[in-house]
Amino acid sequence: MTTLEQQPTAAGSGAAATAKFAAARVSTDTPPERLAAIATDVLQALGRIIDDHGITYPEYRVLKQWLIDVGEYGEWPLWLDVFVEHNIEEVAYRGHSGTKGSIEGPYYVADTPRLPAVSTLPMRTDEQGTPLVFAGQVRDLEGAPLPGATIEIWHADAQGYYSHFAPNVPDGILRGTVEVDEQGRFAITTVRPAPYQIPTDGPTGWFIEKAGWHPWRPAHLHLMVKAPDKRTITTQLYFVGGDWVDDDVASAVKPELILRPTADTDGVEHVDYDFVLDPA
Ligand code: DHB
Ligand code: FE
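In this text the structure is predicted, and so the values were computed from the model without any measurement. Chains are numbered independently. Their residues run from 1 in the order of the written sequence. To label them, take the chains in the order written and letter them from A, then take the ligands in the order written and number them from 1. Totals for whole chains, interfaces and linings use every residue, but because this is a predicted model, local features are given only for residues with pLDDT of at least 70 and side-chain atom pairs only at 80 or more, for both listing and counting. With hydrogens and water excluded, all non-hydrogen atoms of the structure serve as input to the side-chain values.

Asks: Can you walk me through the overall build of the chain in this structure?
Replies: Secondary structure is summarised from DSSP: a helix means a run of H or I of at least four residues, a strand means a run of E of at least two, and numbering begins at the N terminus for each. Broken down by element type, the chain carries 6 helices and 14 strands. Only C-alpha atoms enter the radius of gyration; for comparison, a globular chain is expected to reach 2.2 Å times N to the power 0.38, where N is the number of residues. Compactness check: the chain gives a C-alpha radius of gyration of 20 Å against a globular reference of 19 Å for 280 residues, within 12% of the reference. Over its C-alpha atoms, taken along the principal directions, the chain stretches across nearly 60 × 55 × 35 Å. The cut-offs for exposure are 20% and 50% of the maximum accessible area for each residue type, with area from a 1.4 Å probe on protein chains only; residues under the lower value are buried, those over the upper are exposed, and the others partly exposed. Within the chain, buried positions represent 43% of all 280 residues. Contact criterion: two residues are considered in contact whenever any of their non-hydrogen atoms come within 4.5 Å of each other. When contacts within the chain are restricted to residue pairs at least 6 apart in sequence, those whose partners lie at least 24 apart make up 74%. Accessible surface computed for the chain: about 15200 Å², of which carbon and sulfur atoms make up 56%. Surface accessibility in these figures is a Shrake-Rupley result with a 1.4 Å probe; residues are shielded only by whichever protein chains are displayed.

Structure follows, in structure tokens:
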């Protein structure tokens, strides 16, 4: 029987994402002059927008309440990763020539169990979704295989929910750290994820609905590929023809990141994708 507590909620996935993020206590050595220059530009841009749109006191007060609500629901990781992270990612990988990156999103979990090059991701005995064999090779810019590489993979289940962030999915499901073989190759068996819907019952969802937008991301695999002396790439792969591939709420799809799986006679989908890493 499904109880109310087992239903994923915005407050539940938001709180889990915030707890995970806050536990890391990130910091930078941004100098005060750079901080001041950025803050000045942000405030000036905001001032211009207020002026251009003639923003009213009631609108200002609603904004204040909404900002408070996003924090109380723990949804800042969700909101920022959907609407802002794609710009950060583009700047971070300027001039980079290996595999294209994409946003990390709020649902990465570090230190997932190590799996051999040919493996099946942890899944429930009755895991729903089309079986998918995702295979390929990790190489450097010159085409040399990178046998020391690891591929961290995580993705939603066939209902669009992520383990560790939705109470109805057991921890560890559809996540792993795959160690490639001596030729840099891997073959990971999993199931096709469903499109992901930003939780609609919290302040990020209210914001999207009030604006008349939609809350969907196309189905995607998350990958973080690492190798000694190479630049780590964080990316996502999408499925050709899938819903929302052309209209991702998080603006994180790139044409180079679209998979074209083929189904075998048993209904198992197969797709190859190679990763190319820049020097560190
Ligand atoms: C969000 C969720 C995702 O699965 C993702 O890949 C990016 C963003 C989010 O809810 O913010
Ligand atoms: Fe995701």
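Asks: Would you explain the nonpolar core in this entry?
Replies: Counting 53 residues, the largest nonpolar core has Phe134, Val138, Ile151, Phe186, Leu223 and Phe275 as the members making the most contacts within it. The contacts of Ile151, once residues within four sequence positions are left out, are Val138, Gly176, Thr177, Val178, Val180, Phe186, Ile188, Leu223, Met224, Val225 and Phe275. Among buried residues, the Ala, Val, Leu, Ile, Met, Phe, Trp, Tyr and Cys ones that are joined through side-chain atoms within 4.5 Å form a nonpolar core. By size, the runner-up hydrophobic cluster in this structure holds 5 residues, among which are Ala166, Val169, Ile173 and Leu174.

Asks: In this structure, what is going on with the sheet that holds strand 9 (residues 220–226)? I would like to understand it.
Replies: What links the strands of a sheet is backbone hydrogen bonding, and the strands pair in either a parallel or an antiparallel sense. Judged by pairing direction, the sheet is mixed, and its 6 strands sit side by side in the order 1-5-4-9-10-11 without closing on themselves. For this open sheet the edge positions go to strand 1 (114–115) and strand 11 (258–259), each flanked by a neighbour on one side alone. Strand pairing is assigned whenever DSSP detects at least two bridges linking the two strands. Relative to strand 5 (residues 175–179), strand 4 (residues 150–155) is paired through 5 bridges, and the arrangement is antiparallel. When the bridges of strand 5 are listed, Ile153 appears paired with Gly176.

Asks: Before we go on, may I ask you to explain the site of ligand 1 in this structure?
Replies: Taken together, the neighbourhood of ligand 1 is formed by 13 residues, with Leu78, Tyr162, Tyr196, Arg217 and His222 sitting nearest. Tyr162 has a polar side-chain atom sitting 2.9 Å from an oxygen atom of ligand 1. Measuring from an oxygen atom of ligand 1, one finds a side-chain N or O atom of His222 at 3.0 Å. Alone, ligand 1 offers 290 Å² of accessible surface; in the complex the protein occludes 100% of this. Only protein atoms enter the 1 Å grid used here. Points where a 1.4 Å probe fits but cannot escape make up a cavity, open sets with protein on both sides within 12 Å along at least five of seven lines make up a pocket, and a residue lines them when an atom lies within 4 Å of a point. Molecule-in-pocket calls rest on the fraction of atoms, with more than half required to lie within 2 Å of the cavity or pocket grid points. Of the pockets mapped on this structure, ligand 1 occupies the largest cavity. Residue assignment for the shell around ligand 1 shows that the elements contributing at least two residues are helix 4 (76–83) and strand 9. We call a residue near a given molecule or strand whenever any one of its heavy atoms falls within 4 Å of it. Under this definition, polar contacts are N or O atom pairs within 3.5 Å; protein pairs additionally need one hydrogen-donor-capable and one acceptor-capable atom, and for neighbouring residues in sequence, both atoms have to be side-chain atoms.

Asks: Please clarify how the side chain of Ser163 should be interpreted in this entry.
Replies: If you trace the backbone, Ser163 turns up in the loop between strand 4 and strand 5. A relative accessible area of 2% means that Ser163 is categorised as buried. With residues near it in sequence (within four places) discarded, Ser163 still touches Val169, Pro170, Asp171, Gly172, Ile173 and Arg175.

Asks: Explain the UniProt feature "domain: Intradiol ring-cleavage dioxygenases" (unreviewed entry) in the chain here, please?
Replies: UniProt positions are given in the numbering used here, feature names are shortened, and annotations may be inferred rather than shown by experiment. According to UniProt, the feature "domain: Intradiol ring-cleavage dioxygenases" (unreviewed entry) maps to residues 134–162 in the numbering used here. A distance of 19 Å separates the end C-alpha atoms of residues 134–162, which is 0% helix and 45% strand.

Asks: Whenever I open this one, empty space enclosed by the protein confuses me. Can you help?
Replies: Any space left empty among the atoms is revealed by the rolling of a water-sized probe across them. Grid points are joined across faces, edges and corners, and a volume is the space filled by probe spheres set on the points. Evaluation of the coordinates by the stated rule reveals 1 cavity of 30 Å³ or more. Looking at the largest cavity, its volume works out to about 110 Å³. As for the largest cavity, its lining consists of 14 residues, of which Gly105, Pro106, Tyr107, Tyr196 and Arg217 are closest to the centre. Secondary structure elements with two or more residues in the lining of the largest cavity: helix 4 and strand 9. The biggest single contributor to the lining of the largest cavity is helix 4, with 3 residues. For the lining of the largest cavity, a count of residues per class yields 8 nonpolar, 4 polar and 2 charged. Residue type decides the class: Asp, Glu, Lys and Arg count as charged, Ala, Val, Leu, Ile, Met, Phe, Trp, Tyr, Cys and Pro as nonpolar, and the leftover types, Gly among them, as polar.

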